[in-house]
Amino acid sequence: MSQRPRKYNVLNILMNFHAFPSDVDGKYCFVECLVPVGAGAPPNHHAGETEAFYVVDGAVGFLVDGREWVARAGEFVPIPDGAVHAFKAVGDGPARILILNAPGHMHDAFFTGIGTPLPDDQTALPAPSQPDIAAVLAKAHETGMTILPLQ
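Each residue is numbered by its place in its chain's sequence as written, counting from 1. Residues qualify for local features only when their pLDDT is at least 70, as the model is predicted, and side-chain atom pairs are given and counted only at 80 or more; totals for whole chains, interfaces and linings, by contrast, use all residues. Side-chain metrics rest on all non-hydrogen atoms present in the structure, leaving aside hydrogens and water.

Please clarify how the pairing of strand E9 (residues 85-90) should be interpreted in this entry.
The side chains of a regular strand alternate between the sheet's two faces. Only when DSSP finds a minimum of two bridges between them are two strands counted as paired. The secondary structure listing takes helices from DSSP runs of H or I that are at least 4 residues long and strands from runs of E that are at least 2 residues long, numbered from the N terminus. As paired elements, strand E4 (residues 40-45) and E9 share 3 bridges and run antiparallel to each other. Looking at the pairing, Ala 41 lines up with Phe 87 of E9. Looking at chain direction, strand E6 (residues 59-64) and E9 are connected through 6 bridges and run antiparallel. When the bridges of E9 are listed, Leu 63 appears paired with Ala 86.

Would you explain the side chain of His 46 in this entry?
Here His 46 lies in the loop between E4 and strand E5 (50-57). Within the local environment of His 46, its side chain forms a polar contact with the backbone oxygen of Glu 49, the two atoms lying 3.3 Å apart. Residues in contact with His 46, not counting those within four places in the same chain, are Glu 51, Asp 81, Gly 82, His 85, Met 106, His 107, Gly 144 and Met 145. Under this definition, polar contacts are N or O atom pairs within 3.5 Å; protein pairs additionally need one hydrogen-donor-capable and one acceptor-capable atom, and for neighbouring residues in sequence, both atoms have to be side-chain atoms. We call two residues in contact whenever any of their non-hydrogen atoms come within 4.5 Å of each other.

Teacher, can you tell me more about a nonpolar patch on the surface here?
Patch definition: residues above 30% relative accessible area lacking any salt bridge, with like charges linked at up to 9 Å and the nonpolar side chains Val, Leu, Ile, Met, Phe, Trp and Tyr linked at up to 5 Å. To measure how exposed things are, a 1.4 Å probe is used in the Shrake-Rupley method; for residues, cover is taken only from the protein chains shown. Here, a salt bridge means any side-chain nitrogen of Lys or Arg that lies within 4 Å of a carboxyl oxygen of Asp or Glu. Together, Tyr 54, Val 56 and Phe 76 make up a nonpolar patch on the protein surface, roughly 290 Å² of accessible area in all. With respect to the helices, strands and loops of the structure, Phe 76 is situated in strand E8 (residues 76-79). Categorising residues by exposure relies on relative accessible area from a 1.4 Å probe, with only protein chains included: less than 20% of the type maximum marks a residue as buried, more than 50% marks it as exposed, and the intermediate range marks it as partly exposed. The exposure class assigned to Phe 76 is exposed, which follows from its relative accessible area of 54%.

Would you explain the pattern of salt bridges in this entry?
It is possible for side chains of opposite charge to pair when their charged atoms get near one another. Within the structure shown, the criterion is met by 4 salt bridges. Between Arg 96 and Glu 32 there is a salt bridge; the shortest N-O distance is 3.1 Å. On the criterion of sequence distance, the pair formed by Arg 96 in strand E10 (residues 95-102) and Glu 32 in strand E3 (residues 29-35) is long-range, its members being 64 residues apart. Lys 139 serves as the salt-bridge partner of Glu 142, at 3.0 Å between the closest nitrogen and oxygen. With a gap of 3 residues between them, Glu 142 and Lys 139 both fall in helix H2 (residues 133-143), about one helical turn apart. A relative accessible area of 59% places Glu 142 in the exposed class.

Whenever I open this one, empty space enclosed by the protein confuses me. Can you help?
Once rolled over the atoms, a probe with the size of a water molecule shows which space is left empty. Cavities and pockets were defined on a 1 Å grid built from protein atoms only: a cavity is a group of points that admits a 1.4 Å probe but offers it no way out, a pocket is an open group of points flanked by protein on both sides within 12 Å along at least five of seven lines, and a lining residue is one with an atom within 4 Å of any such point. Grid points are joined across faces, edges and corners, and a volume is the space filled by probe spheres set on the points. Under the defined criterion, the tally for this structure stands at 1 cavity of 30 Å³ or more. In this model, the largest cavity occupies a volume close to 180 Å³. Forming the walls of the largest cavity are 20 residues, and the residues nearest its centre are Ala 41, Asn 44, Phe 87, Phe 110 and Phe 111. Mapped by element, the contributors of at least two residues to the lining of the largest cavity are strand E2 (13-19), E4, E5, E9 and helix H1 (105-114). Here the lining of the largest cavity is built from residues that sort into 15 nonpolar, 4 polar and 1 charged. We call Asp, Glu, Lys and Arg charged. Ala, Val, Leu, Ile, Met, Phe, Trp, Tyr, Cys and Pro are nonpolar, and the rest, Gly among them, are polar.

How should I be thinking about H1 in this particular structure?
Since the α-helix turns once every 3.6 residues, residues separated by three or four places project in the same direction. In terms of residue burial, H1 counts as a mostly covered element, since 7 of its 10 residues are buried. Restricting attention to buried positions, one finds in H1 the residues Met 106, His 107, Asp 108, Phe 110, Phe 111, Thr 112 and Ile 114.

Explain the nonpolar core here, please?
In summary, soluble globular proteins display a tendency toward joint burial of nonpolar side chains. Buried Ala, Val, Leu, Ile, Met, Phe, Trp, Tyr and Cys residues form a nonpolar core when they are joined through side-chain atoms within 4.5 Å. Of all hydrophobic cores here, the largest spans 34 residues; its most connected members are Met 15, Phe 87 and Ile 97. Excluding its chain neighbours within four sequence positions, the residues that come into contact with Phe 87 are Ile 13, Val 35, Ala 39, Gly 40, Ala 41, Phe 53, Val 60, Gly 61, Phe 62 and Ile 97.

Written as structure tokens, this is what we have:
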């Protein structure tokens, strides 16, 4: 297992990396996220990286290829390769989700590249802050991800 930080503040989401691709022979990235209400990911797409979400707790609004719905605890949301998708925590409290990216190199580079390392023992949501949109867009471009304008 790598010795790099495992927890990051990424767009006000507490991300806990259970596996970086470098930990698992380059096969996947596995992240547990605590997502405050209103936070999430803007519409984006990326070819060559399969992505899936599992909602552990709370409610998460998803957009996948133009279809919108709310997924709740126990629901699995696969993202077809290259599909435009977005998510946002909704409801009364933070959502807890698991994200699997395969092979995960793009998401590892993107999440950790725009994120701020947090202490290993942090379990609470980070203090909210405004993201540096220019830096997020630059890192997305650098890693091969496309972020679309909000509609």
